[in-house]
Amino acid sequence: MDSKEIFCSKCGFVVDEKTDDRRPDRSFGESDSNRSHAGDKSSLVRHDRGLSTVIHSVDRDSTGNPLSSTMKSSLVRLRRWDSISRVKSNDERNLRYALGEILKLKEKLSLSEAISEKAAYLYRKALEKKLIRGRSISALVAASLYAACRASETPRTINEVANAIGVRRKEVTACYRLIFRELDLKMPVVDTVSCIAKIASNADVSEKIKRDAIKILKKAERQHILAGKHPMGMAASALYLAGISAGEIKTQRDIADAAGVTEVTVRQRCKSLRQIT
DNA sequence: TAAGATAAGAGGGACAT
DNA sequence: ATGTCAGTCTTATCTTA
C-alpha cells in the first residue's frame, strides 16, 4: 500500500504528496552542457501542457530598446495568430474545460497532484479515442478522476466523486466502465485494508479494533468469500464485528455511514463473516 | 432505540436467442 | 440487438429485544 500522499489519519486531509521535483534548476551559468531543467515542469493538467509561448505586449526588444514600426506591426500580426491558434479545435476547448473541472475536483476531494495528473492523462486518452461523443464532459471527468484514484489505491467512492461534480452516479459508472474497457486499464484489486483505514478514520475507531478487523478480513480472503462483494461493505462488517468482540461497541449505523454503505449491507456481510470466525 | 428481518426495486454482467 | 437469469446493493417498513 503505497499511496502517493501524506494524509492526516484522523480526517483524511491530504497534507502533502511524496512527489518532489528534485531536479536541478536552470543552470546556464557554470556549465552550458547541462540544460536539463530549464523552465517549469510540463504538466498534463494544462491543456497545452504548460508549454505555450507568451508574446509579451510590451513593445521592446530583448535588450529593452523600442521596436521599429515595421517590427511593431508584424508583432501585432503574430499576437493575433497566437491567440487564434492557442485554442483552435473543439477538442482543445473541450480539454480546457475538462482540465479545469479536474482541478476543481482535486481541491474538493483533497486529492494529490499525482492523481489529477493521472486523471488528466486518462481524459486525454479518452478524448483521442473519441469516447466523449454523446456523453457529458463532467461525467467523463468524474470517471477519469475516479479511475486515477483507483489506480493509485486512494480510496474515493464513485458516489463521492459524482456528488462533488454534480453528476448522477449512474453516468459516472457508465463512463468509468467505458474508459476501463476502451483504454485497457489495469486496476489493482481494491485493498480492503486501506478501506479499513478510511472507515476507521471516519468513525473514530481504536487501533486495536483496526488490527482485529484486518485479521478477520485476511481470514475471509483465504476462504474466498471476499470476491464480488463490496469491499467497503466487507471492511465495515469486519470493523463492526471486531468492535463487538472487543467490547467497544459501534452501532451498525455509525459504521455503515462511515463506510458509505447501508446497514443492510453490513448485516449481509456480517452473516458470511460470522460463519468463518 | 438499536438490531434484525423482509420485500421491492435498480443497475449491470453473463449468456442465449 | 434484445431478453432472461442470478446475484448484489439500496431503500423502506415492520418486528423484536
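Q: Any chance you could explain the overall build of chain A here in plain terms?
A: Within chain A, the secondary structure is distributed over eleven helices and two strands. Ordered by position in the sequence, the α and β elements of chain A form the string β-β-α-α-α-α-α-α-α-α-α-α-α. Looking at chain A as a whole, 40% of its 277 residues qualify as buried. Long-range contacts, defined here as pairs at least 24 residues apart, represent 65% of the contacts in chain A between residues at least 6 apart. When the accessible area of chain A is evaluated, it comes to approximately 16600 Å², of which 51% is carbon and sulfur surface.

Q: Looking at this structure, I do not really get the environment of Ser-206. What am I missing?
A: For Ser-206, the location among the structural elements is in the loop between α7 (192–203) and α8 (207–222). Sequence separation between Ser-206 and Ile-137 is 69 residues; the distance between their C-alpha atoms is 41 Å.

Q: What's the story with the domain arrangement of chain A in this structure? I'm lost.
A: Interfaces are frequently sized by the accessible area removed from exposure as the parts join. Domain annotation for chain A reports domain 1 (90–182) and domain 2 (192–276). The straight-line distance from the C-alpha centre of domain 1 to that of domain 2 is 29 Å.

Q: Would you explain the packing of aromatic side chains in this entry?
A: For any two aromatic rings, the description comes down to two numbers: the centre-to-centre distance and the angle of the planes. Taken as a whole and judged by the stated rule, the model has two aromatic pairs. Judged by centre distance (4.9 Å) and plane angle (75°), the rings of Tyr-146 and Tyr-176 are edge-to-face. Placement of the pair is Tyr-146 in helix α4 (residues 137–151) and Tyr-176 in helix α6 (residues 169–182), with a sequence separation of 30 residues. Between Tyr-176 and Phe-180, the aromatic rings sit 6.0 Å apart at their centres with planes inclined by 45°, giving tilted as the arrangement. Placement of the pair is Tyr-176 and Phe-180 together in helix α6, with a separation of four residues, close to one helical turn.

Q: I keep staring at the protein's contact with DNA strand B and nothing clicks. Help me out?
A: Around DNA strand B sit Lys-170, Thr-173, Arg-177, Tyr-240, Thr-251, Gln-252 and Arg-267, and that is every residue in its neighbourhood. A distance of 3.0 Å is found between a phosphate oxygen of DNA strand B and a side-chain nitrogen or oxygen belonging to Arg-177. At 2.4 Å, a side-chain N or O of Gln-252 approaches a phosphate oxygen of DNA strand B. With three residues, α6 is the single largest residue contributor to the surface near DNA strand B. Residue classes in the surface near DNA strand B are distributed as one nonpolar, three polar and three charged.

Q: When you look at the protein's contact with DNA strand C in this model, what are you seeing that I'm missing?
A: Looking at DNA strand C, the residues that line it are Lys-229, His-230, Val-261, Thr-262, Val-264, Thr-265 and Arg-269. Lys-229 places a polar side-chain atom, nitrogen or oxygen, 3.1 Å from a phosphate oxygen of DNA strand C. One nitrogen or oxygen atom from the side chain of Thr-265 is found 2.2 Å from a phosphate oxygen belonging to DNA strand C. Residue composition of the surface near DNA strand C, by class: two nonpolar, three polar and two charged.

Q: Looking at this structure, I do not really get the pattern of salt bridges. What am I missing?
A: Oppositely charged side chains can form a pair if their charged atoms are brought close together. The full count for this structure, using the stated rule, is ten salt bridges. Here Lys-106 ties to Glu-113 by a salt bridge, and the two come within 3.8 Å at their closest N and O atoms. Taking the relative accessible area as the measure of exposure, Lys-106 reaches 12% and is therefore buried. Looking at Glu-113, the relative accessible area reads 32%, which means it is partly exposed. With a closest N to O distance of 3.2 Å, Glu-207 and Lys-210 form a salt bridge. With Glu-207 and Lys-210 both in helix α8, this residue pair falls three residues apart, about one helical turn.

Q: Can you help me understand the packing of helix α9 (residues 231–246) against helix α10 (residues 252–259) in this one?
A: In helix packing, the relevant descriptors are the interaxial angle and the interaxial distance, both defined with respect to the helix axes. Look at α9 against α10: their axes get within 9 Å of each other, and the N-to-C directions meet at 150°. Relative to α10, the crossing made by α9 is right-handed. Contacts from Met-232, Ala-236, Leu-239 and Tyr-240 of α9 reach α10 at Gln-252, Ile-255 and Ala-259. In terms of residue class, the contact of α9 with α10 is made up of six nonpolar, one polar and no charged.

Conventions adopted
- Residues numbered from 1 in each chain as written.
- Chains lettered and ligands numbered in written order.
- Predicted model: local features only at pLDDT ≥ 70, side-chain atom pairs only at ≥ 80, totals over all residues.
- Heavy atoms only, no water.
- Helix = DSSP H or I, 4+ residues; strand = E, 2+ residues; numbered from the N terminus.
- Buried < 20%, exposed > 50% of the residue type's maximum accessible area, 1.4 Å probe, protein only.
- Contact = heavy atoms within 4.5 Å.
- Areas by Shrake-Rupley, 256 points an atom, 1.4 Å probe, with all protein chains shown as cover.
- Domains from an automatic or database assignment.
- Phe/Tyr/Trp six-rings, centres within 6.5 Å; stacked < 30°, edge-to-face > 60°.
- Near = heavy atom within 4 Å.
- Polar contact = N/O pair within 3.5 Å; in protein donor to acceptor, adjacent residues only side chain to side chain.
- Nonpolar A, V, L, I, M, F, W, Y, C, P; charged D, E, K, R; others polar.
- Salt bridge = Lys/Arg side-chain N within 4 Å of Asp/Glu carboxyl O.
- Axes fitted to C-alpha atoms, helices over the stretch in contact; angles between N-to-C directions.
- Left-handed = near helix turned anticlockwise from the far one by under 90°.

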